[in-house]
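Results of the structural survey
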Amino acid sequence: MATLAQMGRVDAYAPAPQVAEQKAAQRKREKQQRQADYRQRIPIEGKFNQGKRSYSLNTLRAKTVRTSEAWIHSIFRVINLLMLVRHFLAPEIILGRAAELVGLMP
């Protein structure tokens, strides 16, 4: 007696429709997760590139691992401080209130 797959009526290797839908949904979730991870990495990688270009992070000449780590930490601390200054003081400079902030004008 021949089975349906042998007679050509059913593809023996085709997954059930619900299994295929589950796999498609899983692939969609994985793709969305990869995209979200990528979007979170963009600013972080940008800061590393800024450190390499602007602050010579890729040409550190420290003699020990400990001093290299100290240099790297201090460079990123400076980068973060400059970002905070730009964020909090730049709007005031643009609006002309910087002199008032530092006490030069009443």
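Residue indices follow the written sequence of each chain, beginning from 1 at its first position. pLDDT decides what is reported in this predicted model: residues at 70 or higher carry local features, side-chain atom pairs at 80 or more are listed and counted, and totals for whole chains, interfaces and linings draw on all residues regardless. With hydrogens and water stripped out, all remaining heavy atoms of the structure feed into the side-chain values.

1. Section: the overall build of the protein
Rules: For helices the rule is a DSSP run of H or I covering at least 4 residues; for strands it is a run of E covering at least 2, with both sets numbered from the N terminus onward. Note on definitions: a residue-residue contact is assigned when non-hydrogen atoms from the two residues lie within 4.5 Å. For every accessible area listed, the method is Shrake-Rupley and the probe measures 1.4 Å; residues are considered covered only by the protein chains on display.
Looking only at helices and strands, the protein has four helices and zero strands in total. Considering only intrachain contacts with a sequence separation of at least 6, the fraction spanning at least 24 residues in the protein is 30%. As presented, the protein carries roughly 9,600 Å² of accessible surface, and 59% of it is formed by carbon and sulfur atoms.

2. What about a nonpolar patch on the surface?
Threshold: Patches here: salt-bridge-free residues with over 30% relative accessible area, like charges joined within 9 Å, nonpolar side chains (Val, Leu, Ile, Met, Phe, Trp, Tyr) joined within 5 Å. Just to be clear on terms, a salt bridge is a Lys or Arg side-chain nitrogen sitting within 4 Å of an Asp or Glu carboxyl oxygen. Under the scheme applied here, a residue whose accessible area is under 20% of the maximum for its type counts as buried, over 50% as exposed, and between as partly exposed, the area being computed with a 1.4 Å probe on protein chains only.
Taken together, the side chains of Leu81, Leu84, Val85, Phe88 and Leu89 present a nonpolar region at the surface, about 480 Å² in accessible area. Mapping Leu89 onto the fold places it in helix H3 (residues 65–95). Relative accessible area serves as the criterion here: at 39%, Leu89 is assigned to the partly exposed category.

3. Some points on helix H2 (residues 17–54)
Selection rule: A helix is expected to span 1.5 Å for every residue after the first.
Along its 38 residues, H2 runs 55 Å from first to last C-alpha, staying within 8% of the 56 Å computed at 1.5 Å per residue. Positive phi appears at Ser56, one or two residues downstream of H2, with a value of about 55°.

4. As for the confidence of the model for the protein
The test is simple: On a scale of 0 to 100, pLDDT captures the predictor's confidence in every residue.
When the pLDDT values of the protein are averaged, the result is 75; 69% of them are 70 or greater. Of all the helices and strands in the protein, helix H1 (residues 4–7) carries the lowest mean pLDDT, 54, while H2 carries the highest, 85.

5. A closer look at the pattern of salt bridges
Tallying each qualifying case throughout the model produces one salt bridge. We note a salt bridge from Glu45 to Arg41, for which the minimum N-O separation is 3.7 Å. In this pair, Glu45 and Arg41 are both assigned in helix H2, four residues apart and thus about one turn of the helix distant. You can call Glu45 partly exposed: its relative accessible area is 43%. Judged by relative accessible area, which is 40%, Arg41 ranks as partly exposed.

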